[in-house]
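Architecture at a glance
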Amino acid sequence: MADRFSFSIHATDGKARTGTIRMLRGEIRTPAFMPVGTAATVKAMKPESVRATGADIILGNTYHLMLRPGAERVARLGGLHQFMNWPRPILTDSGGYQVMSLSELRKLTEEGVEFRSHLDGSKHMLTPERSMEIQRLLGSDIVMAFDECPRADQPRDVIARSMEMSMRWAKRSRDGFDSGGEHAGRAALFGIQQGALDEDLRKVSAEKLIEIGFDGYAVGGLAVGEGQEAMFATLDFAPGQLPQDKPRYLMGVGKPDDLVGAVERGIDMFDCVLPTRSGRNGQAFTWNGPLNLRNARHAEDSAPLDDRCTCATCGSYSRAYLHHLHKSGEILGAMLVTEHNLSFYQQLMAAMRDAIGEGRFGEFASTFRRDYLAASS
């Protein structure tokens, strides 16, 4: 029988690692980028097209799916994989971040978070136990512990109290996951390190998570407005506080140069809405920096988005045509640029995996930064 969950590191280069996560629904090559399928869809993409870009795993959103169409309904319809036609691994977030950022009239207690839906104002309660139940009903492969994510600019005592509560919630998440019967026997559970930018708080958080024991560990509480310099400063120490032999997941990151800098600091997994959201808004990512396709300079440019990119968009469509589609508000523009952006992100991850395996990651990273940051439109 295939592994429920295992992680093997194939090569390291400095702090950067490349390896493989093996699960029942397939292998995940690391460093891995997970396209975000918030509401059981990666926006503007068919699932088979997402796979064709090179994605091994996608992310689903507990908060959005519990509100619509409802976790119980998804379960009755065969689970999230069957519902959305994605047979490979799915990671689901816990819903905690969205409750904090999207919900009106929320009330936070030790028990959990009471909130009103941003859709219709209906009242809900999300606790560690309910989050585990929802993720089980969805059929998630990688389940995230329920936590609170405070802003990094909060006072230290506020961040410390929040972190301590998140660690108590992590233990309740562990217990709730383990009571999940058959699902617990085939899925994995990740804990989430908190502590904002504070090295001592993050160390305490890591120690508490390790004591509980998880299949993987996320670095939470970053990419919430603190800026790249502060994020990298935290990543200089945070991944090293987590177990060497488990995957490390940086939640909600990021721009291509964020990914390279985070892999450089020991991160193995990422997710972010940026490539899909930017694709819908006419921004394309390339090896030579981002392009704003609405700019008039592209109106008569017959070149592809990126002559190094192997995606179908770059093989068939010009910057001029994509400029026209976005200026005209045509849906095809969003589809084609999203396909390119997701393909570019996966090509970047593959290039990093190759560079680590060949012991030339430092050279790759410096060349990437030179080309990517030198020019943009």
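Residues numbered from 1 in each chain as written. Predicted model: local features only at pLDDT ≥ 70, side-chain atom pairs only at ≥ 80, totals over all residues. Heavy atoms only, no water.

Topic: the packing of helix α10 (residues 256–264) against helix α14 (residues 331–357)
Note the cut-off: Every axis in this analysis is a line fitted to C-alpha atoms, fitted for helices over the stretch in contact. Angles between the N-to-C directions lie between 0 and 180 degrees. Runs of E in the DSSP output that reach at least two residues are strands. Runs of H or I that reach at least four are helices, and both are numbered from the N terminus. Each angle is binned into one of four classes, with values under 35 degrees roughly parallel, values over 145 roughly antiparallel, values of 65 to 115 roughly perpendicular, and all other values oblique. Note on convention: near helix rotated counterclockwise from far helix by under a right angle means a left-handed crossing. Clockwise means right-handed. Any pair of residues with heavy atoms lying within 4.5 Å of one another is described as a contacting pair.
In contact at an axis separation of 11 Å, α10 and α14 are set at 25° when each is read in the N-to-C sense. On the basis of the axis angle, α10 is roughly parallel to α14. α14 is crossed by α10, and the crossing has right-handed handedness. Contacts from Pro256, Leu259, Val260 and Val263 in α10 reach Phe344, Tyr345, Leu348, Met349, Met352 and Ile356 in α14.

Looking at the sheet that holds strand β1 (residues 5–13)
Heads up, the condition is: Pairing between two strands requires that DSSP report at least two bridges joining them.
With respect to topology, three strands assemble into an open sheet ordered β1-β2-β3, the strand pairing being antiparallel. Of all strands in the sheet, those bounded by a partner on one side alone are β1 and β3 (26–30). Ignoring strand direction, the axes of neighbouring strands in this sheet form an average angle of 15°.

Some remarks on the environment of glycine 78
Worth spelling out the cut-off: Residue exposure (1.4 Å probe, protein chains only): buried if accessible area is under 20% of the type maximum, exposed if over 50%, otherwise partly exposed.
Checked against the element boundaries, glycine 78 lands in the loop between α3 (71–76) and α4 (80–84). With a relative accessible area of 44%, glycine 78 lands in the partly exposed category. When the C-alpha atoms of glycine 78 and aspartate 271 are compared, they prove to be 25 Å apart, with 193 residues separating the residues in sequence.

Description of the packing of aromatic side chains
Aromatic ring pairs: the centre-centre distance and the angle between the two ring planes describe each pair. As a reminder of what qualifies: Centres within 6.5 Å are what make two rings of Phe, Tyr or Trp a pair, Trp counting through its six-membered ring; a difference in plane orientation under 30 degrees is then read as stacked, over 60 as edge-to-face, and the rest as tilted. For a lysine, the NZ atom is tested; for an arginine, the CZ atom; a charge sits over a ring if that atom is within 6 Å of the ring centre and within 35 degrees of the ring normal.
Inspection of the entire model under this criterion finds 13 aromatic pairs. An aromatic cluster is present here, built from Phe33, Phe285, Trp287, Phe344, Tyr345, Phe361, Phe364, Phe368 and Tyr372 joined pairwise through their rings. Sitting over the face of the ring of tryptophan 287, arginine 308 holds its NZ or CZ atom 4.3 Å from the ring centroid.

A look at the sheet that holds strand β13 (residues 248–250)
Taken together, the eight strands give a closed barrel; going around it, the order is β4-β5-β6-β10-β11-β12-β13-β14, and neighbouring strands pair in parallel fashion. For this sheet, the mean inter-axis angle between neighbouring strands, taken without regard to orientation, is 30°. In the packing of helix α7 (residues 156–178) onto the sheet, contacts are made with β10 (142–144) and β11 (188–193), and the angle to β11 comes to roughly 180°. Set on the sheet, helix α8 (residues 199–212) makes contact with β11 and β12 (216–219); between it and β11 the angle comes to about 160°.

Describing the pairing of strand β6 (residues 90–93)
Here β6 shows no split at all, with Ile90 and Thr92 on one side and Leu91 and Asp93 on the other all buried. Pairing of strand β5 (residues 58–61) with β6, which is carried by four bridges, proceeds in the parallel orientation. Across the sheet, residue leucine 59 finds its bridge partner in β6, namely leucine 91.

Some remarks on the nonpolar core
Counted only if it meets this: Among buried residues, those of type Ala, Val, Leu, Ile, Met, Phe, Trp, Tyr and Cys that are joined through side-chain atoms within 4.5 Å constitute a nonpolar core.
Core analysis: the largest hydrophobic core is formed by 81 residues, its most contacted members being Leu235, Leu250, Leu259, Phe270, Met352, Phe361 and Phe364. With nine residues, α14 is the largest single contributor of residues to this core. If near-sequence neighbours (up to four positions away) are discounted, phenylalanine 270 is found in contact with Ala32, Phe33, Met34, Tyr249, Leu250, Val253, Leu259, Ala262, Val263 and Met349.

Purely geometric stuff here, so don't read any function into it on its own.
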